[in-house]
Amino acid sequence: MATVHEGGAPLFFRGAVDCALAKTELCIQEMSEVIKAEKGGDDEYEAHSILAGLYLRSGEYARSLAETQLMLKIRPNDSDAQSSIAFMKAASMFPDQKVISGAAAHVPWVYPGKSLIIPLKINGKRASYLIDTGANVSTLSDADAQRLGLQVQQATVRVNGSSGAVASFKVAYAKQVSIGNFEVENVIFLVFPANQPPFDDKAPFEQGIVGLPLLIAAKHVRWNKNGFDIVTDGTEKGSGTPNLAMDEGFTIANATFQSHSLSFLIDSGSIWSYMYPRFAHDYMSYVKAHGTRTSKMLQGFGGRANVAAWRLAKLPVEIDGTTDNLHQIAALLAYTDQNSHNYDGCLGLDTMLNRDMVDLNFERMQIVIR
């Protein structure tokens, strides 16, 4: 990405790289300059879209709403902006998310070796929620929202789940959320029916997800078999070279396969790791030589879907200079959501549970998996 700056690339591309690498001040400055120079053009639209994603990740929902509204002024029929505007309007009625205590924290797993569920407090009440790096907003059930006494905004939001199902949500507001000694106020949650996936098989006070705005606010998180840590001592585990990028509300890792670059959605909320149809298409000769035809059951908000796939016994992928074999991984043949169009694969819970350490540093934009 350094060559974009060194080679005198257009301002939009320099700004897009800085935004992807979470260089917030530069991102805002450069995208603002693009907007002034490109009134009504495609670059202005994309600049507003990038800024909307930036503000979404940081919990600044009023600013994200303003950028989304400007997107719709340029493209009134844009389906992406239309699908998010209801959520933005509801969320923007509450104050921006704010870190009150950035202290280091260590918490144990609720179910050691089986999930990434951690204890936390919401408005002073104890709960145990899943760490979901693939969720661009934290989420809980309507039943837990009531148990926790959260304020709920009645505006309905429709979201496409990873299985391809369409789900309806409301929006809730928590005055305070704490993980150990780390404390954040004004946290927004999407609210989903407790009697539908993914919460229909969860116990009370376990029907929730900690999403990216909280994880990014922590800046540097790490987990291993002993538990989940919010790291503040500056210790580094990898090469220091950025291998993460932010794309709208998602975290994407750069990896390599057969010396070719791949993009992986980092999604600890997905039960399985799998490859998207783009990978199956680009590497079909490898897939056929090393795989068998099968199907894969996907579960997301709103439902489940059985998708045609190839199963690969082993797929060697390199991340941060380390080759990691993904075992019994499905290469999907059908597109189920926008992510399945945009990326090559998804690193899910199975990969993250079976490693000695996963380190996500949102300041250095680096993931290390050992």
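Structure first, text after, so check above.
Read on for an overview of the structure. This is a predicted model, so every value here is computed, not measured.

Further remarks concern a negative patch on the surface. A contiguous patch of negative charge, built from Glu-38, Asp-43, Glu-46, Asp-80, Asp-247 and Glu-248, is present on the exposed surface. In this structure, Glu-248 sits in the loop between strand S12 (244-247) and strand S13 (250-257).

What follows is about the nonpolar core. Core analysis: the largest hydrophobic core is formed by 92 residues, its most contacted members being Phe-87, Phe-189, Trp-223, Phe-228 and Leu-315. Ranked by residues supplied to this core, first place goes to strand S8 (residues 182-192) with eight residues. Listed in part, the twelve residues of the second largest apolar core include Tyr-276, Leu-298, Val-307 and Cys-346.

Sheet architecture is open: five strands sit in the order S2-S11-S10-S20-S21, paired in antiparallel fashion. Two strands in the sheet have a free side with no partner beyond their single neighbour: strand S2 (105-107) and strand S21 (366-369). The average undirected angle you get between the axes of adjacent strands in this sheet is 10°. The pairing of S2 with strand S11 (residues 227-230) spans three bridges and is antiparallel. Note on S11: the bridge partner recorded for His-106 is Asp-229.

On to the packing of aromatic side chains, then. One pass over the full model with this rule turns up ten aromatic pairs. Ring plane angle 80° and centroid distance 5.5 Å describe the contact between Phe-12 and Phe-13, whose orientation is recorded as edge-to-face. Assessed through its relative accessible area of 13%, Phe-12 is described here as buried. Ring geometry for Tyr-61 and Phe-87: centres 5.6 Å apart, planes at 85°, overall edge-to-face. Within this pair, whereas Tyr-61 is found in helix H5 (residues 61-74), its partner Phe-87 is found in helix H6 (residues 79-91), the two being separated by 26 residues in sequence. For the pair Tyr-61 and Phe-87, a shared accessibility class is recorded, and that class is buried. By the ring-pair criterion, three or more aromatic residues cluster together here, those being Phe-257, Phe-279, Tyr-283 and Tyr-286. A cation over a ring is seen here: Arg-75 above Tyr-45, with NZ or CZ 3.8 Å from the ring centre. Directly above the ring of Phe-205 sits Arg-147, whose terminal nitrogen or CZ lies 5.9 Å from the centroid.

Inspection of every chain in the model, using the stated rule, returns eleven salt bridges. A salt bridge links Arg-75 to Asp-42, with the nearest nitrogen and oxygen atoms 3.2 Å apart. Note that Arg-75 is positioned in the loop between H5 and H6 and Asp-42 in helix H4 (residues 42-57), a separation of 33 residues in sequence. The exposure class assigned to Asp-42 is exposed, which follows from its relative accessible area of 54%. A salt bridge links Arg-355 to Asp-324; the shortest N-O distance between them is 2.8 Å.

All right, on to the pairing of S13 then. When you tally the buried positions in S13, you get six out of eight residues, the bulk of the element. Pairing between S12 and S13: four bridges, direction antiparallel. Among the inter-strand pairings, Leu-244 is bridged to a residue of S13, identified as Ala-253. Hairpin remark: S12 followed by S13, antiparallel, with two residues in the connecting loop; positive phi at Glu-248, about 55°. Between S13 and strand S14 (residues 260-266), which pair antiparallel and follow one another directly, the connecting turn spans two residues, one of which, Gln-258, has a positive phi of 50°.

Below, the discussion takes up the state of the cysteines. Here, the word disulfide means a covalent bond between the sulfur atoms of two cysteines. Scanning the entire structure with this criterion turns up one disulfide. Here Cys-19 connects covalently by a disulfide to Cys-27, the sulfurs 1.9 Å from one another. Taking the sign of the torsion about the S-S bond as the criterion, the disulfide between Cys-19 and Cys-27, at about 95°, is right-handed. In this structure Cys-27 comes out as buried when scored by relative accessible area, which is 0%.

A word on helix H2 (residues 11-20). For H2, the full list of buried residues reads Phe-12, Gly-15, Val-17, Asp-18, Cys-19 and Ala-20. Of the residues trailing H2, Ala-22 is marked for its positive phi of about 60°.

On to the side chain of Ser-128. In this fold, Ser-128 is placed in strand S4 (residues 125-131). Given a relative accessible area of 14%, Ser-128 falls into the buried group. The contacts of Ser-128, once residues within four sequence positions are left out, are Val-110, Ile-117, Ile-118, Pro-119, Leu-120, Phe-205 and Glu-206.

Criteria and thresholds
- Residues numbered from 1 in each chain as written.
- Predicted model: local features only at pLDDT ≥ 70, side-chain atom pairs only at ≥ 80, totals over all residues.
- Heavy atoms only, no water.
- Patch = residues over 30% accessible without salt bridge, like charges linked within 9 Å, V, L, I, M, F, W, Y side chains within 5 Å.
- Areas by Shrake-Rupley, 256 points an atom, 1.4 Å probe, with all protein chains shown as cover.
- Salt bridge = Lys/Arg side-chain N within 4 Å of Asp/Glu carboxyl O.
- Lys, Arg positive; Asp, Glu negative; His and termini not counted.
- Charge placed at Lys NZ, Arg CZ, Asp CG, Glu CD.
- Helix = DSSP H or I, 4+ residues; strand = E, 2+ residues; numbered from the N terminus.
- Core = buried A, V, L, I, M, F, W, Y, C linked by side-chain atoms within 4.5 Å.
- Buried < 20%, exposed > 50% of the residue type's maximum accessible area, 1.4 Å probe, protein only.
- Pairing = 2+ DSSP bridges.
- Axes fitted to C-alpha atoms, helices over the stretch in contact; angles between N-to-C directions.
- Phe/Tyr/Trp six-rings, centres within 6.5 Å; stacked < 30°, edge-to-face > 60°.
- Lys NZ or Arg CZ within 6 Å of the ring centre and 35° of its normal.
- Disulfide = S-S within 2.5 Å.
- Contact = heavy atoms within 4.5 Å.

This is a description of form; function is not addressed.
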